[in-house]
Amino acid sequence: MFCSPATGSGRVSTPTRPSSCPGSSECSGRTSPPAFGPSWWTRLRGRPRRPAPAAAWSAAPPSSVFRPEPSATHDWIGPPNPLSNLRPIVYRVSEDESDLERRLRRLRQDTEDWNHDFWTEQNISFSKEKEAFIVSQLKAKGLTLRDEDGRRRALGSEDMALFYKSFLDKNRSRHLNYNREWYRRNLSITLLMARVALSGAWRTPTDRRQQQKKKKNSPTT
């Protein structure tokens, strides 16, 4: 399910939130490329994350539940999930992880999972309601879902605009609650990031002094 690690050298990113625009791939539930298996792992070393070329999607293996073990140096970044359209992440676990860093990592991971669950449910609901709307509108016009040549019929943009507005109106409170929770979580993550950064800045000179003391106290040959 994952494909590539991003460097974990102090840079902390917050989870990605899809756009809430109806009809977009994030909101419509359109099928994304299948998740890659272990053979698709690469190391990005901090370079920008680039999507696989179009030819690679057709050759991609079936969806896999493969999930790598956390790395001590990298965050594992996977391809977009076909339901939520979000890239799954396994955050790194450093060997000398402090209690504060552990709190930050767990909050980030929990936010990733919460975000994935929300958009999975939202996209599935969107797709089902959109399909039911198209079928009902075609039936009202005396048309079948497919024409004489077997091609699927489509509604015009004015008809679909009615559905998009109706869907947004019906889910308005749900989206507002999501936005509130999203900002609350990201504020908590940002504050923890600041505490971790301050703690790391303090720990670095302290560690250096301890190393100097060890050198002075070590017997000379």
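Further up the page is the structure itself.
Computed from a predicted structure; not experimentally measured.

Chemist: Pulling in residues and values, what's your account of the overall build of the protein?
Modeler: Helix and strand counts for the protein come out as five helices and three strands. Relative to its full complement of 221 residues, the protein shows a buried share of 33%. Excluding contacts between residues fewer than 6 apart, the proportion of contacts in the protein whose partners are at least 24 apart in sequence is 71%. Surface exposure of the protein reaches about 14,100 Å², of which carbon and sulfur atoms provide 54%.

Chemist: Residues and numbers for the nonpolar core, please.
Modeler: Residues Phe126, Phe133, Ile134, Leu138, Leu155, Met160, Phe163 and Phe167 constitute the largest nonpolar core, which totals eight residues. Taken together, the elements giving at least two residues each to this core come down to α3 (99-140) and α4 (157-170). A per-element tally of this core places α3 first, with four residues. Leaving out residues up to four positions away in the same chain, Phe167 has contacts with Gln122, Ser125, Phe126 and Glu129.

Chemist: Account for the environment of Ala197, naming residues and giving values.
Modeler: If you trace the backbone, Ala197 turns up in helix α5 (residues 172-217). Residue classification places Ala197 among the partly exposed positions, given a relative accessible area of 48%.

Chemist: With reference to specific residues and values, describe the packing of α3 against α4.
Modeler: The interhelical angle for the contact between α3 and α4, taken along N-to-C directions, is 140°, at an axis separation of 11 Å. With respect to their mutual orientation, α3 and α4 come out oblique. Remark: the crossing between α3 and α4 carries right-handed chirality. Along its contact with α3, which presents Gln122, Ser125, Phe126, Glu129, Lys130, Phe133 and Ile134, the element α4 presents Asp159, Met160, Leu162, Phe163, Tyr164, Phe167 and Lys170. Split into classes, the residues belonging to the contact of α3 with α4 amount to eight nonpolar, two polar and four charged.

Chemist: Would you mind going over α4 in detail, with residue names and values included?
Modeler: Its 14 residues give α4 an end-to-end C-alpha distance of 20 Å, which sits within 8% of 20 Å, the value for a rise of 1.5 Å per residue. Turning to α4, its buried residues are Asp159, Met160, Phe163 and Phe167. One side of α4 carries all its buried residues, which in axial view fall inside an arc of 95°. Across from the buried face of α4, at angles greater than 90 degrees, the exposed residues are Ser157, Glu158, Leu162 and Lys165. Buried-residue contacts for α4 involve α3.

Chemist: Tell me about the packing of aromatic side chains, residues and numbers included.
Modeler: Considering all chains together, one arrives at eleven aromatic pairs under this definition. Measuring from ring centre to ring centre gives 5.0 Å for Phe126 and Phe167, while their planes differ by 85°; the resulting arrangement is edge-to-face. In this pair, Phe126 sits in helix α3 while Phe167 sits in helix α4, placing the two residues 41 residues apart along the sequence. Note on accessibility: Phe126 and Phe167 belong to one class, buried. Taken together, a centroid distance of 6.2 Å and an interplanar angle of 20° make the contact between Tyr178 and Trp182 stacked. On the criterion of helical spacing, the pair formed by Tyr178 and Trp182 is a turn pair, its members being four residues apart in helix α5. Grouped by ring-pair contacts, the aromatic residues Trp114, Phe118, Trp119, Tyr178 and Trp182 constitute a single cluster.

Rules used throughout
- Residues numbered from 1 in each chain as written.
- Predicted model: local features only at pLDDT ≥ 70, side-chain atom pairs only at ≥ 80, totals over all residues.
- Heavy atoms only, no water.
- Helix = DSSP H or I, 4+ residues; strand = E, 2+ residues; numbered from the N terminus.
- Buried < 20%, exposed > 50% of the residue type's maximum accessible area, 1.4 Å probe, protein only.
- Contact = heavy atoms within 4.5 Å.
- Areas by Shrake-Rupley, 256 points an atom, 1.4 Å probe, with all protein chains shown as cover.
- Core = buried A, V, L, I, M, F, W, Y, C linked by side-chain atoms within 4.5 Å.
- Axes fitted to C-alpha atoms, helices over the stretch in contact; angles between N-to-C directions.
- Parallel < 35°, antiparallel > 145°, perpendicular 65-115°, else oblique.
- Left-handed = near helix turned anticlockwise from the far one by under 90°.
- Nonpolar A, V, L, I, M, F, W, Y, C, P; charged D, E, K, R; others polar.
- Expected span 1.5 Å × (residues − 1).
- Arc of directions from axis to C-beta.
- Phe/Tyr/Trp six-rings, centres within 6.5 Å; stacked < 30°, edge-to-face > 60°.

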